[in-house]
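# A closer look at the structure
These are the residues of each chain, in order.
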Amino acid sequence: MNMVITSAQFILSVVGSHNLPQDGKQQIAFIGRSNVGKSSVINMLVGQNSLVHSSSTPGKTRQINFFLINDEIYFVDLPGYGYAKHSAKKREKLRKLILWYFISKEANPVMTVLIVDARAGLRDFDREMIAVLDEYDCPHVVVANKIDKLNQSQSHHSLKGISDEVGENVPVIPLSAKSGRGRDQLLAKIL
Ligand SMILES: Nc1nc2c(ncn2[C@@H]2O[C@H](COP(=O)(O)OP(=O)(O)O)[C@@H](O)[C@H]2O)c(=O)[nH]1
Ligand SMILES: [Mg+2]
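Okay, so let's go over this structure. In this convention, every chain numbers its residues from 1, walking through the sequence in written order. Each chain gets a letter, beginning with A, and each ligand a number, beginning with 1, in the order they are written. Only residues with pLDDT of 70 or above have their local features reported here, since the model is predicted, and side-chain atom pairs are shown and tallied only from 80 upward, although totals for entire chains, interfaces and linings are computed over all residues. By convention in this description, side-chain values take in all heavy atoms of the structure and omit both hydrogens and water.

### Quick look at the overall build of the chain
Short version of the rule: Each helix is a run of DSSP H or I of at least 4 residues and each strand a run of E of at least 2, with the numbering of both proceeding from the N terminus. Note that the radius of gyration is over C-alpha atoms, with the globule rule given as 2.2 Å times the number of residues to the power 0.38. In this scheme, a residue with accessible area under 20% of its type's maximum is buried, one over 50% is exposed, and one in between is partly exposed, where area comes from a 1.4 Å probe on protein chains only. Here, two residues are considered to be in contact whenever any of their heavy atoms come within 4.5 Å of each other. The protein chains shown are the only cover counted for residues, whose accessible areas, like all others here, come from Shrake-Rupley with a 1.4 Å probe. When charges are counted, neither His nor the chain ends are considered; positive counts come from Lys and Arg and negative counts from Asp and Glu. Where a charge lies is defined by one atom per residue type, namely NZ (Lys), CZ (Arg), CG (Asp) and CD (Glu).
Counting its regular elements, the chain contains five helices and seven strands. For the chain, the C-alpha radius of gyration of 15 Å lies close to 16 Å, the compact-globule estimate for 191 residues. Overall, the chain is about 45 × 40 × 35 Å in size when its C-alpha atoms are taken along their principal axes. Put simply, the chain has 191 residues, and 49% of those count as buried. A sequence separation of at least 24 residues applies to 74% of the contacts in the chain between residues at least 6 apart. Approximately 9700 Å² of the chain is accessible, and the part contributed by carbon and sulfur atoms is 46%. Each charge class in the chain can be summarised by its mean position, and for the 23 positive and 18 negative side chains these summaries are 10 Å apart.

### Regarding the pairing of strand 4 (residues 73–77)
This is how it is decided: A pair of strands is treated as paired once DSSP finds two or more bridges between them.
With five of five residues buried, strand 4 is to be regarded as a mostly interior element. In strand 4, alternate side chains face the same way, and those of Ile 73, Phe 75 and Asp 77 on one face and Tyr 74 and Val 76 on the other are all buried. Two elements, strand 3 (residues 64–69) and strand 4, share five bridges in a ladder whose sense is antiparallel. Within strand 4, the position partnered with Ile 69 by the bridge is Ile 73.

### Focus on the packing of helix 1 (residues 38–46) against helix 5 (residues 183–190)
To keep things clear, this is the line we draw: Every axis in this analysis is a line fitted to C-alpha atoms, fitted for helices over the stretch in contact. Angles between the N-to-C directions lie between 0 and 180 degrees. An angle below 35 degrees is read as roughly parallel, one above 145 as roughly antiparallel, one from 65 to 115 as roughly perpendicular, and any other as oblique. All residues other than Ala, Val, Leu, Ile, Met, Phe, Trp, Tyr, Cys, Pro, Asp, Glu, Lys and Arg, Gly among them, are scored as polar; the first ten of these are nonpolar and the last four charged.
Put simply, helix 1 and helix 5 touch, their axes get as near as 10 Å, and they point 85° apart. Taken together, the axis directions place helix 1 and helix 5 in an arrangement best described as roughly perpendicular. Every residue of helix 5 that contacts helix 1 at Val 41, Met 44 and Leu 45 is listed here: Arg 183, Leu 186, Leu 187 and Ile 190. Tallied by class, the residues present in the contact of helix 1 with helix 5 amount to six nonpolar, no polar and one charged.

### Observations regarding the pattern of salt bridges
So the rule is basically this: Here, a salt bridge means any Lys or Arg side-chain nitrogen found within 4 Å of an Asp or Glu carboxyl oxygen.
Taken as a whole and assessed by the stated rule, the structure comprises nine salt bridges. One salt bridge in this structure joins Arg 95 and Glu 92, with 2.9 Å as the shortest N-O distance. Note that Arg 95 and Glu 92 are positioned in helix 2 (residues 88–103) at a spacing of three residues, about one turn of the helix. Judged by relative accessible area, which is 25%, Arg 95 ranks as partly exposed. Glu 92 gets classed as partly exposed once you look at its relative accessible area, which sits at 31%. A single network of salt bridges, built from pairs that share partners, joins Glu 92, Arg 95, Lys 96 and Glu 128.

### Here's the deal with the layout of surface pockets
The cut-off we apply is this: A pocket here means an open set of points on a 1 Å grid, computed over the protein atoms alone, that has protein on both sides within 12 Å along at least five of seven lines. A cavity is instead a set of points where a 1.4 Å probe fits but cannot get out; residues with an atom within 4 Å of a point line either one. Grid points are joined across faces, edges and corners, and a volume is the space filled by probe spheres set on the points.
In this structure, the second largest pocket occupies an estimated 160 Å³ of space. For the lining of the second largest pocket, the residue count by class is three nonpolar, no polar and four charged.

### Digging into the nonpolar core
Formally: Side-chain atoms within 4.5 Å are what join buried Ala, Val, Leu, Ile, Met, Phe, Trp, Tyr and Cys residues into a set we call a nonpolar core.
Counting 36 residues, the largest nonpolar core has Tyr 101 and Phe 102 as its most contacted members. Elements supplying a minimum of two residues to this core: strand 2 (26–32), strand 3, strand 4, helix 2, strand 5 (111–117), helix 3 (124–135), strand 6 (140–145) and helix 4 (152–166). Setting aside residues up to four positions removed in sequence, Tyr 101 forms contacts with Leu 20, Gln 27, Ala 29, Ile 64, Phe 66, Val 76, Leu 78, Ala 107 and Pro 109. Among the nonpolar cores identified, the runner-up in size contains 27 residues, and Ile 42, Phe 75, Val 113 and Leu 187 belong to it.

Next up, the structure:
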């Protein structure tokens, strides 16, 4: 598949087991804490402003949303985690839903894009997710989004900190959903 995204359409939302798409198309998963810019990144990649609703109320999405790209591959938008106002119970539910997706056989994403806010770097649940991705041999990249908010030395420091943690085999891509910086580099890794 080339790096030109010519079509992107919402296909379905999944809230729990047994109804993942069974059409054998490959899936690319997007995960990250609430408010890191996950929706913005997906919209930027596909070149549509509102394919994925970027909500002003963080933590609203509780479903796993499937978007069909170029009629051949799914972008899978998993719920954002770690929203501060969620109860412990709600957080645990989200955590289980996300883990269920990665562990289920029908999912088996060919690539996972873990998005973090470049200003914050990796947080605890990101680390847990990376451990799960490693355990299940799921290839992944880390996107340091909102890089436009950092100056050059802050950006260098942030990227180095993330790389030191994830190791040299995991690409760390500086990106700005706002400016489009990093778009081609990310698409080259995932498509
Ligand atoms: N400056 C800047 N703001 C961003 C960027 N990406 C997202 N945002 C903003 O961050 C907020 C959360 O974005 P959203 O896509 O809804 O995050 P999500 O909760 O992870 O899906 C919104 O106000 C976005 O406009 C970026 O690359 N740069
Ligand atoms: Mg979102």
